[in-house]
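Here is how the chains run, residue by residue.
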There are 2 protein chains.
Amino acid sequence: MTVGNEGGIRTRARVHSWQSIREHVLERIQSGEWAPGDLIPTEQELAQQMGCARATVNRALRELAGSGIVQRRRKVGTRVAATPMRRMTMRLPVIRDEIEAMQATYAYELTGCERRAPTARAAAALCKGMPEELMMIQSRHLADGQPHCCEAVWLHPELLELPECTHFRMEAPHDWLNRSRAVTQTRFAILTEGASGTCAVNLGVDDGTPLLTIERTSLVDGVAVSFARQFYPPGHRLVFDD
Amino acid sequence: MTVGNEGGIRTRARVHSWQSIREHVLERIQSGEWAPGDLIPTEQELAQQMGCARATVNRALRELAGSGIVQRRRKVGTRVAATPMRRMTMRLPVIRDEIEAMQATYAYELTGCERRAPTARAAAALCKGMPEELMMIQSRHLADGQPHCCEAVWLHPELLELPECTHFRMEAPHDWLNRSRAVTQTRFAILTEGASGTCAVNLGVDDGTPLLTIERTSLVDGVAVSFARQFYPPGHRLVFDD
DNA sequence: CAGTGGTCTAGACCACTCC
DNA sequence: GAGTGGTCTAGACCACTGG
């Protein structure tokens, strides 16, 4: 596993770069010399063996821990992870960017806006001091005129200073949210669902068509202020890479 | 965005911890003082302002860059990212662990094993020196006797020393692969598909039922040696968290 | 060529946790 | 209490890149 490459910089590895230490350790793990569950030498020992500073070893092992290759605990040491459960990073989809990256023309359309009682899922996501009604905004995003994604966004009216519905004819809810409040945290779930009702119509697909669904909860200072469900028609792929 | 929390360690923040520097910078960004696209002060300037070492500022900014909050370039400086495109980390699903985490009993079943010409997708993933036939292994994983996931794994027969089919009655392909070769890299795609054929039967669902699909390519030393497609019935959720 | 981030070092102290 | 990782510092040099 090539971890990160630190922002794409690729340079001649110095003899004692933290990358070279990381590779050294990785090779010992992959060769089986250090098996899953084993403790590997301490930072101090490794630094002596490799002839570098402990801070350099620390950096290398910290990166490996970040990738889930090893687990570290004070006083105990560094252990090769039992299951090679890797962690991968994913760029969060920003719909406009997604579409423009395909060299397509982006368009946004408001398809519904009203106050209504939340669904069970929306209520579960926006649990804090739930009022009886939330603002729900339905919209779709088009690439070169073809439906690309359809979404429903629930906004918490008491935690946000909501504009009139007409505002969302021009600006997508997430753009507005990012402008107006500093979202400090986001939660995601990916699942699949059969198309139904408004969404099927807006995407131009038959009822029951499998849709890739992304549920997204935005938090400001630890409190959930919005919950969105985004639906993508078949063919859409979320790609992860090392 | 709380970034990582470095392995779950939470401790009294020292006055000049890199975490506190990170929070300081984050606040300035979230308050709008440093707007998207802006250059923020250099490491040296920040170190002086905050009264800490440059290395500490470097660590804080490196973490923010890792989360996609800022972008850094030598000679240019550190810029607040134009789009708040966050990066999130995801634990890769290891099916047995997934099931055991639910307090359910894990079971594995081989449902098919043969050599055959690859599908277009398998061929695209395993592009290197593609032979005419690949080994394809179909199986399913059960939680407390209920189908949890159904998968098809394509293995490259010339890059791997494949055992007989009977071997895969006892051991799942990925377990075997992880034991026999050091997988150095993995690629993922998440999509959705309607159930069909064998898979619908093995999962006990009707044809056309939306299935969450994970495509997974395993690489050894940069060369793809296996390609897997895993199908999950409705209700399954992949969860991401900050 | 000069400015900025990227990294290494050597030493120090602290925090967590097992014994 | 003692061992191990987690972090900070001050200083240094290097690598990339814009002018």
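The shown structure was predicted, so the numbers you read here are calculated from the model rather than taken from an experiment.

A. Representation of the overall build of chain A within the structure. Counting secondary structure elements, chain A contains seven helices and eleven strands. Here the C-alpha atoms of chain A give a radius of gyration of 24 Å, more than 25% beyond the 18 Å that 2.2 N^0.38 yields for 242 residues. Taken along its principal axes, the extent of the C-alpha atoms in chain A is 65 × 40 × 30 Å. For chain A, the residues scored as buried account for 49% of the 242 residues in total. A fraction of 58% describes how many contacts in chain A between residues 6 or more apart in sequence connect residues 24 or more apart. The distance from the centre of the 29 positive side-chain charges to the centre of the 29 negative ones in chain A is 10 Å.

B. Here's a closer look at the pattern of salt bridges. Counted by the stated rule, this structure contains 26 salt bridges over all chains. Across the pair Glu33(B) and Arg28(B) runs a salt bridge, and its minimum N-O distance is 2.6 Å. Overlapping salt bridges, with partners in common, bring together Arg121(A), Glu193(A), Glu215(A), Arg229(A) and Arg237(B) in one network.

C. Up close: the sheet that holds strand S1 (residues 39-40) of chain B. Residue and element names in this part refer to chain B. The strand order across the open sheet built from three strands is S1-S3-S2, with neighbouring strands paired in antiparallel fashion. Looking at which strands have only one partner, the edges of the open sheet turn out to be S1 and strand S2 (70-73). As defined by bridge partners, S2 adjoins strand S3 (residues 77-80) across four bridges and the pair is classed as antiparallel. Across the sheet, residue Gln71 finds its bridge partner in S3, namely Arg79. Sheet strands in contact with helix H3 (residues 54-66) are S1, S2 and S3, and its direction is about 120° off that of S2.

D. Structural context of the protein's contact with DNA strand C. Close to DNA strand C lie 28 residues, the nearest being Ser17(A), Trp18(A), Thr56(A), Arg73(A) and Arg54(B). Counting only atoms of DNA strand C within 4 Å of the protein, the sugar-phosphate share comes to 71%. Within the backbone of Glu43(B), one N or O atom sits 3.2 Å away from a phosphate oxygen of DNA strand C. Within the side chain of Arg54(B), an N or O atom sits 2.4 Å from a base oxygen of DNA strand C. Here the element with the most residues in the surface near DNA strand C is helix H3 (residues 54-66) of chain A; it accounts for four residues.

E. Focus on the relation of the copies chain B and chain A. Aligned on chain A, chain B shows an RMSD of 0.1 Å; the corresponding rotation is 180° and the shift along the axis is 0.0 Å. As the rotation angle and translation indicate, the two copies are arranged about a two-fold axis. Both copies contact each other with a shared surface, as 100% of the interface residues of chain B are interface residues in chain A too.

F. Local environment of unusual backbone geometry. Residue and element names in this part refer to chain B. For Lys75, which is not a glycine, the phi torsion comes out positive at approximately 70°. Considering the arrangement of structural elements, one finds Lys75 in the loop between S2 and S3. Of note in the backbone geometry, Gln103 takes a positive phi value of approximately 65° without being a glycine. Here Gln103 lies in the loop between helix H4 (95-101) and strand S5 (106-116).

G. Main features of helix H1 (residues 18-30) of chain B. In this model, H1(B) (13 residues) spans 18 Å end to end at C-alpha, consistent with the 18 Å of a helix rising 1.5 Å per residue. Downstream of H1(B) by one or two residues, Gly32(B) has phi in the positive range, about 90°.

H. The protein's contact with DNA strand D, seen in detail. In the vicinity of DNA strand D lie 28 residues, with Arg54(A), Ser17(B), Trp18(B), Thr56(B) and Arg73(B) positioned nearest. The share of sugar and phosphate among atoms of DNA strand D within 4 Å of the protein is 72%. At 3.5 Å from a phosphate oxygen of DNA strand D is found a main-chain nitrogen or oxygen belonging to Ser17(B). One nitrogen or oxygen atom from the side chain of Thr56(B) is found 2.5 Å from a phosphate oxygen belonging to DNA strand D. Contributing elements (two or more residues each) for the surface near DNA strand D: H3, strand S2 (70-73) and strand S3 (77-80) of chain A together with H1 and H3 of chain B.

Rules used in this analysis
Residues numbered from 1 in each chain as written. Chains lettered and ligands numbered in written order. Predicted model: local features only at pLDDT ≥ 70, side-chain atom pairs only at ≥ 80, totals over all residues. Heavy atoms only, no water. Helix = DSSP H or I, 4+ residues; strand = E, 2+ residues; numbered from the N terminus. Rg over C-alpha atoms; globule rule 2.2 N^0.38 Å. Buried < 20%, exposed > 50% of the residue type's maximum accessible area, 1.4 Å probe, protein only. Contact = heavy atoms within 4.5 Å. Lys, Arg positive; Asp, Glu negative; His and termini not counted. Charge placed at Lys NZ, Arg CZ, Asp CG, Glu CD. Salt bridge = Lys/Arg side-chain N within 4 Å of Asp/Glu carboxyl O. Pairing = 2+ DSSP bridges. Axes fitted to C-alpha atoms, helices over the stretch in contact; angles between N-to-C directions. Near = heavy atom within 4 Å. Polar contact = N/O pair within 3.5 Å; in protein donor to acceptor, adjacent residues only side chain to side chain. Least-squares fit on C-alpha atoms with pLDDT ≥ 70 in both. Expected span 1.5 Å × (residues − 1).

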